[in-house]
Amino acid sequence: MSATWRIGVDSRRCIGTSICAGTAPGHFRLVDGLSAPLTDVVAPDEVVIDAADSCPVEAITVRDASDDRLIAPQE
């Protein structure tokens, strides 16, 4: 497992439910009604996966920063 993960939010898919910000407030916030990561690269944290998996439109992706492997959401 990588020492860092990269968080992405597809602003075209995001519908602003704020589930991610509620699940992982240390990693996400709403900006103009849409989700945004507080920082793009983070240390691995299970709560980030929970936030990505809970997004109803799968707008959040978590990738291994070293090889771009998709970690979440799970397919």
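Since we're looking at a predicted model, the values are computed, not measured. (Residues numbered from 1 in each chain as written. Predicted model: local features only at pLDDT ≥ 70, side-chain atom pairs only at ≥ 80, totals over all residues. Heavy atoms only, no water.)

1. Examining the pairing of strand β1 (residues 5-9)
In step 1: Bridge count for β1 against strand β4 (residues 41-42) is 2 bridges, and the pairing is antiparallel. Bridging across to β4, W5 finds its partner in V42.
In step 2: Pairing analysis gives 5 bridges linking β1 to strand β5 (residues 60-64), with the strands arranged antiparallel. Bridge assignment links W5 to a residue of β5, and that residue is D64. (Pairing = 2+ DSSP bridges. Helix = DSSP H or I, 4+ residues; strand = E, 2+ residues; numbered from the N terminus.)

2. Concerning unusual backbone geometry
In step 1: The omega torsion of the bond from A72 to P73 falls at 5°, within 30 degrees of zero and hence cis.
In step 2: In this fold, P73 is placed in the segment after β6 (70-72).
In step 3: Phi is positive for D68, which is not a glycine, with a value near 70°.
In step 4: Take D68: it is sitting in the loop between β5 and β6.

3. Section: the sheet that holds β6
In step 1: Taken in spatial order, the 4 strands make up an open sheet running β4-β1-β5-β6, and their pairing is antiparallel. Each edge of the sheet is formed by a strand with only one pairing partner; in this case those strands are β4 and β6.

4. Focus on the pattern of salt bridges
In step 1: Scanning the model with the defined rule gives 3 salt bridges in all.
In step 2: Here D10 makes a salt bridge to R12, at a shortest N to O gap of 3.2 Å.
In step 3: Given a relative accessible area of 23%, D10 falls into the partly exposed group. (Salt bridge = Lys/Arg side-chain N within 4 Å of Asp/Glu carboxyl O. Buried < 20%, exposed > 50% of the residue type's maximum accessible area, 1.4 Å probe, protein only.)

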